[in-house]
Every structure is written in structure tokens, then in C-alpha cells.
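A structural walkthrough
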Amino acid sequence: MLEVSGLRKAYSGSGAARTILDNIEFQVPERQFVSIIGASGSGKSTLLRCIAGLTEASGGTVLIDKRAVRGTPEEVVYVFQEYSRSLFPWRRLIRNVAYPIEEAVTKDEAAAQARAYIGKVGLAGFEAYYPWELSGGMQQRAAIARALVKQPKYLLMDEPFGALDAQTRNQLEDMLLGIWSSTALTVLFVTHDIDEAIYLSDRVLVLGSRPGRVIADIPIDLPRPRDQIESKENLRFSELRRQLFRLIITPAVENAT
Amino acid sequence: MKIIQRLSGVVFLLALLVAWETIARLGLVTPDQLPAPSAIAHAMATEILQGDLAIEFLRTTRRLVIGYGIAVILGTLAGFALGRWRLLYAASEPIIEFFRPLPVIAVLPVAVLLLGLGDAMAYSVIAFGSGWVVLLHAMDAVRGIDPVLIDTGRTFQASGFRQFSTIILPAAAPQTFTGLRVALGNAVIVTVVVELVSGFGGGLGGYIGEEQGALRTPEAYAGIILVAVLGYGIGRLFGVFEGSMLRWHRQMMGR
């Protein structure tokens, strides 16, 4: 169980202090798929980075299984939006994917597990390729495989499919859902794409901006497994879409302090 | 075609040599100014086979390798440290900016005063003359590492050492190697200059100085050519080493 409570992040640079996140409060039960959406600049990435321990919060707590998060916890892996920059260009695919576990297990074991996850994300056969020899979509698959090889409990993804074309995005969405449904993963998925958020999630958190606060927590009551055509033709999908759009477009200044 | 390209260099060189030989034989220049290539070749052969030229060559090589080696070790260590820790850089910056542009010739008398005339002085001056380039490149390399790479290490709980060996080192390698390559060229020059100017202990620099002083021009030229051979040879060796270390980078850049 992930519990975020009173989370704050403020920057005090060049004069005026800027509060990016203010009093963020929510819980995520295990195995849930939660998307976080919000207008640009609402602090979605900052929130994710604070939970992952990559950015230090200015206040509040993050508890994972009742233990406070300090630094970058073992059970949490962060997947970057800039996938091409996060893969190591000096390592071939298999050694990139093996990176998180290569210290913990033998060389052969690491390679075997890496191979398994490379297969799971649909990159079988590309083990010997360098990252820059792969397409954007393949690079992001590689980054996901690398995140999964560690078998984390929590996968934090920061707009992972934002820079990809629509077709690739759909493919990777379905791949991610497939992996999620067959493991014990809890996913926090930041996106600016409302349709994507609805399609993937059990639940969508909406972040208002300036400062970022949770202004809505919407359960997604669409049947699983999701389908790119069926789910999106569902009337409920449109209703949720309208609801979420309104929340994002309308400035959320009416939040009580 | 590729073959024509490669041969063109050799052909051009041969043409130059022929022209040079002709000019010398026609007496357009005196032997004291510009000896004929044949005369130089003859002098070189004699000096190597019957004289000490080969020993001087090896002596210079030894000084170069050790002095450069010191520059590499100290330069990369210091460069990495300065790149990693801002405070360290801020503290050292005035010193670096002061010493870096100093010409080696200016430093030489001080070095002789402090260390006398000997190999210790030679190594120090060579290291001083070539180390700054290494330091600056290594520092820039570490500074310029993509933060996403560092964050990747962090999300996988990479310890300080693991971050250094698996991320910082390979990421900083290409730019650092550039610094090493430039520094090698500097080191060759500095080595010969030290030997020539201080005139204490032979080597190719000392040899050239001696032969010039005695007006044995073909022999002096022979020494100069051997310096070029040394520089070229060691540069090629370095290139092979760099190539094997940075194969991934070359491929990535499409070379």
C-alpha cells in the first residue's frame, strides 16, 4: 500500500518562492493501476519523482507498506519519459536490461532473466543491439523491460509514451496492461493524454495547477480486459472523458485552502 | 576509389622527396641550410647503427611515456573530482586558470631550480605541460553527463562507486579521451623542448641541440625526423587503444 500524505514541494529560487505541490494526499492499494493527469505545469512529474525518491519533497510523507520512503526505495522503479537518454549507449540491450540485477545475481542468471523480460516486451532477437540502433518504441520497451527485471512492487511511469506515434503508443499501452495484469505490480502512470489515462487505469487522479493539488479522484468503472476499440466505444468512456476534460480545462482555482 | 585515396598520400610524399632531393642536388640550397634527403638518410643510418641515436630515441620515449602517464593519471583523477564536486572546482578555479596558460618554457627554469637537472624534472615538466588539457576535458566530460543517466542509476539504487564505474566513467570516456589525445601531442612537444633547452641528458631533443651546435645539419635533421616518427607512432598506438575502448561510441557516431 502506497500512502502519500501532506506532500509538499516548493522551490525558493530568485526571489519569489514557488509552490509546485501543496498538500497532496492519496492512497494506492496494491495492484491498482492509477493514472495521474493534470494541466501542463501541474507538478505531475514532480509528484512522481518525490514518490520515487529522485526529488526531495519539502514536506509531508510517503509511506510504502507503512515504512517511510527514504532515498530511492528498492520496491520502486521510475521509468523516464526520455527513454533514449536513460538507456546506456555503451551497453547492448541485454546488458542494459540486466543492469538492475547484475550485482545481485550471477552473470548467467542476470542474462537469463534479462532475456526473459526482453521477450516479455516483444524485443526477442534484439539482445545484441545497441540502444541507438533501436526505434523509439523499442527503446521504451527496453526501458520497461529493464524496470521490470528488478520485479518491483511499484512502477512509476512519467509520460512514457508521450513522445511516440499513436500506433506505437496503442501497442505499448496494451503491452503494459498485459504485463500488469499478469504480475503483482502497482502502477502510477503520469500522462497528459486523458484517453490514455481512462483506457489504462482503475482510477484517475486529477492534479490542479499552481499549486498542484489533488482536485479529483475518479474511479474508472470500465470492464477489463480493455480493448482499444471496444473500450473506447463504450458510452461510459465518453462520459468519463467529458468529466475529466472539464476538470482539466476549467481552472481549478476554486480549491479551498 | 579508396585505393587511389590511400595511395595519393604516399605518392604525394614521394613526389615531395624527389623535389627536395633535386633542389638540394642542383645546389639551390646549401647543405647547411637544407641537406638532401639522401644525406639525411645516410646520417640517420650511420648514427643509428654506429652511434647512439637509437638509445636517445628510447630515452625520449621513456621520458614521454612516464611524463604523459603521470599527466593522464593525475589529470583524469583531478578532472573527475572537479567535475563531480562543484565546491572543489570553485576552490581550484583561480589556480587552474593561473597555471594552465603558462608556457612550458617559462616553467622550465623554476622546475630546474626545484628539481635539478634530471629525469624527475623532465617527468614533472612533461606532466605539467600536458596534464591541464586532460584535466579540463575530464572535468567537462563529467559535468556534461546527462542527468537522466544519473537518475537512472539512482532509481536502481546504484551506490556511489557503482555509479562511478558503471555510469560516470563510460559516459565521460569519449570526451576524456579527446583530452588524452590532445595531451599526447603536447607531451611529445614538451619532452623534446625540455631536452633541447635544458640540454642535460640527451634524448632526441638533446641530440638535436648538440648536432645543430656542431653544425652537423644532416644529423640534426635525422633527429628531427625521428621525433616526428615517435609522435606519429605513439599517436597511432593511442588511436588503436582509443578505438578499442570507444568502439560503441564510434559506431554510434557512424564512424
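Just so we're clear, the structure is a prediction, and the values are computed from it rather than from any experiment.

Right, let's get into the environment of A:Gln228. Residue and element names in this part refer to chain A. With respect to the helices and strands, the residue Gln228 is situated in the loop between strand E10 (213-219) and helix H8 (230-233). Its relative accessible area of 17% is what places Gln228 among the buried residues. Between the C-alpha atom of Gln228 and that of Val34, which follows or precedes it by 194 residues, the distance is 18 Å. In contact with Gln228, not counting residues within four places along its chain, are Asn170, Glu173, Asp174 and Tyr199. Among the polar contacts listed, one links the side chain of Gln228 to the backbone oxygen of Asn170, at a separation of 3.3 Å. At 3.0 Å, the side chain of Gln228 and the side chain of Glu173 are in polar contact.

Residues and elements named next belong to chain B. With their axes 7 Å apart at the nearest point, helix H8 (residues 160-198) and helix H9 (residues 203-213) run at an angle of 45° to one another. Regarding the angle of H8 to H9, the classification is oblique. In the crossing of H8 with H9, the sense of the turn from one axis to the other is right-handed. Contacts between H8 and H9 pair Val192, Glu195 and Leu196 from the former with Gly203, Leu204, Gly205, Gly206, Ile208 and Gly209 from the latter. For the contact of H8 with H9, the class distribution of residues is 4 nonpolar, 4 polar and 1 charged.

A few words now on the domain arrangement of chain A. All names here are of chain A. Once the domains are mapped, chain A shows domain 1 (2-75 + 152-249) and domain 2 (86-151). In this structure, domain 1 and domain 2 have C-alpha centres spaced 25 Å apart. With 14 residues of domain 1 in contact, the opposing surface of domain 2 contributes 11 residues. Surface buried jointly by domain 1 and domain 2 totals about 1,000 Å² across both partners, of which 72% is contributed by carbon and sulfur atoms. Three residues stand out in domain 1 for area buried against domain 2, namely Pro152, Met175 and Ile179, and they jointly supply 44% of the buried area on that side. Notably, a salt bridge pairs Lys150 with Glu74, separated by 3.0 Å at the nearest N-O pair. At the boundary of domain 1 and domain 2, one finds 3 residue pairs in polar contact (both at pLDDT 80 or more). Of all the elements in the fold, those that place two or more residues in the side of domain 1 that touches domain 2 are strand E7 (154-158) and helix H6 (166-181). With 5 residues, H6 is the single largest residue contributor to the side of domain 1 that touches domain 2. A class-by-class count of the residues in the side of domain 1 that touches domain 2 yields 10 nonpolar, 2 polar and 2 charged.

By a frequent convention, interface size equals the accessible area lost on bringing the separate parts together. Across the contact, 19 residues belong to chain B and 27 residues belong to chain A. The three residues of chain B that bury the most area against chain A are B:Phe156, B:Gln157 and B:Arg162, which together make up 30% of that side's buried surface. Linking chain B with chain A are 4 salt bridges. Across the pair A:Glu102 and B:Arg162 runs a salt bridge, and its minimum N-O distance is 3.1 Å.

We now examine empty space enclosed by the protein. For the coordinates displayed, the defined rule picks out 1 cavity of 30 Å³ or more. Taken together, A:Val77, A:Tyr78, A:Val79, A:Phe80, A:Ser86, A:Ala143, A:Arg146, A:Ala147, B:Thr152 and B:Phe156 make up the full set of residues lining the largest cavity. Broken down by secondary-structure element, the contributors of at least two residues to the lining of the largest cavity are strand E6 (76-79) and helix H5 (136-149) of chain A. Partitioning the lining of the largest cavity into residue classes produces 7 nonpolar, 2 polar and 1 charged.

Residue and element names in this part refer to chain A. For Val4, the location among the structural elements is in strand E1 (residues 2-12). Overall, Val4 belongs to the buried group, its relative accessible area being 0%. Along the chain, Val4 and Phe245 lie 241 residues apart, while their C-alpha atoms are 25 Å from each other. Discounting chain neighbours no more than four positions away, the residues touching Val4 are Ile24, Glu25, Phe26, Ile51 and Thr61.

What follows concerns a nonpolar patch on the surface. Residues and elements named next belong to chain B. A surface patch of nonpolar side chains, amounting to about 580 Å² of accessible area, comprises Val10, Phe12, Leu13, Leu14, Leu16 and Leu17. Along the chain, Phe12 falls in helix H1 (residues 2-25). For Phe12, a relative accessible area of 55% corresponds to the exposed category.

The subject of this paragraph is unusual backbone geometry. Where the residue is not glycine, phi is negative for most of them; where a peptide bond is considered, it is trans in most cases. Residues and elements named next belong to chain A. Here Arg224 and Pro225 are connected by a cis peptide whose omega angle stands at 0°. The residue Asp65 is not glycine, and still its phi comes out positive at about 50°. Tracing the backbone shows Asp65 in the loop between strand E4 (59-64) and strand E5 (67-68). The phi angle at Lys66 is positive, at roughly 70°, despite the residue not being glycine. Turning to its location among the elements, Lys66 is positioned in the loop between E4 and E5.

Conventions and cut-offs
- Sequence positions are assigned chain by chain, starting from 1 and proceeding in written order.
- As a convention, the first chain written is A and the first ligand written is 1, with the rest following in written order.
- Given that this is a predicted model, residues contribute local features only at a pLDDT of at least 70 and side-chain atom pairs are listed and counted only at 80 or more, while totals for whole chains, interfaces and linings are drawn from all residues.
- Here the side-chain values reflect all heavy atoms present in the structure, with hydrogen atoms and water set aside.
- In DSSP terms, a helix is any run of H or I states spanning at least four residues, a strand is any run of E spanning at least two, and both are numbered starting from the N terminus.
- Partly exposed residues are those whose accessible area sits between 20% and 50% of the maximum for their type, while under 20% is buried and over 50% is exposed, using a 1.4 Å probe and protein chains only.
- The contact criterion used is simple: two residues touch if any of their non-hydrogen atoms lie within 4.5 Å.
- Polar contacts, as counted here, are pairs of nitrogen or oxygen atoms within 3.5 Å of one another; within protein the pair requires one atom able to donate a hydrogen and one able to accept it, and residues that are adjacent in sequence qualify only if both atoms are side-chain atoms.
- Angles run from 0 to 180 degrees between N-to-C directions of axes, and those axes are lines fitted to C-alpha atoms, restricted for helices to the stretch in contact.
- In what follows, roughly perpendicular refers to angles from 65 to 115 degrees, roughly parallel to angles under 35, roughly antiparallel to angles over 145, and oblique to any angle outside these ranges.
- Definitions for this section: a left-handed crossing has its near helix turned counterclockwise from the far helix by less than a right angle. A right-handed crossing has that turn clockwise.
- Throughout, the ten residues Ala, Val, Leu, Ile, Met, Phe, Trp, Tyr, Cys and Pro are labelled nonpolar, Asp, Glu, Lys and Arg are labelled charged, and all others, Gly among them, are labelled polar.
- In this entry, domain limits derive from an automatic or database-based domain assignment.
- Buried area, as used here, totals the accessible surface that two parts lose on assembly, with accessibility defined by a 1.4 Å probe and the loss added over both.
- Within this document, salt bridges are pairs made up of a side-chain nitrogen of Lys or Arg and a carboxyl oxygen of Asp or Glu, the two lying within 4 Å of each other.
- Only protein atoms enter the 1 Å grid used here, on which a cavity is any set of points holding a 1.4 Å probe that cannot leave and a pocket is any open set flanked by protein within 12 Å on both sides along at least five of seven lines; residues with an atom within 4 Å of a point are listed as lining.
- Grid points are joined across faces, edges and corners, and a volume is the space filled by probe spheres set on the points.
- Each patch is built from residues that are more than 30% exposed by relative accessible area and take part in no salt bridge. Like charges join if they lie within 9 Å; nonpolar side chains (Val, Leu, Ile, Met, Phe, Trp, Tyr) join within 5 Å.
- Only the protein chains shown count as covering a residue, and every accessible area follows the Shrake-Rupley method with a 1.4 Å probe.

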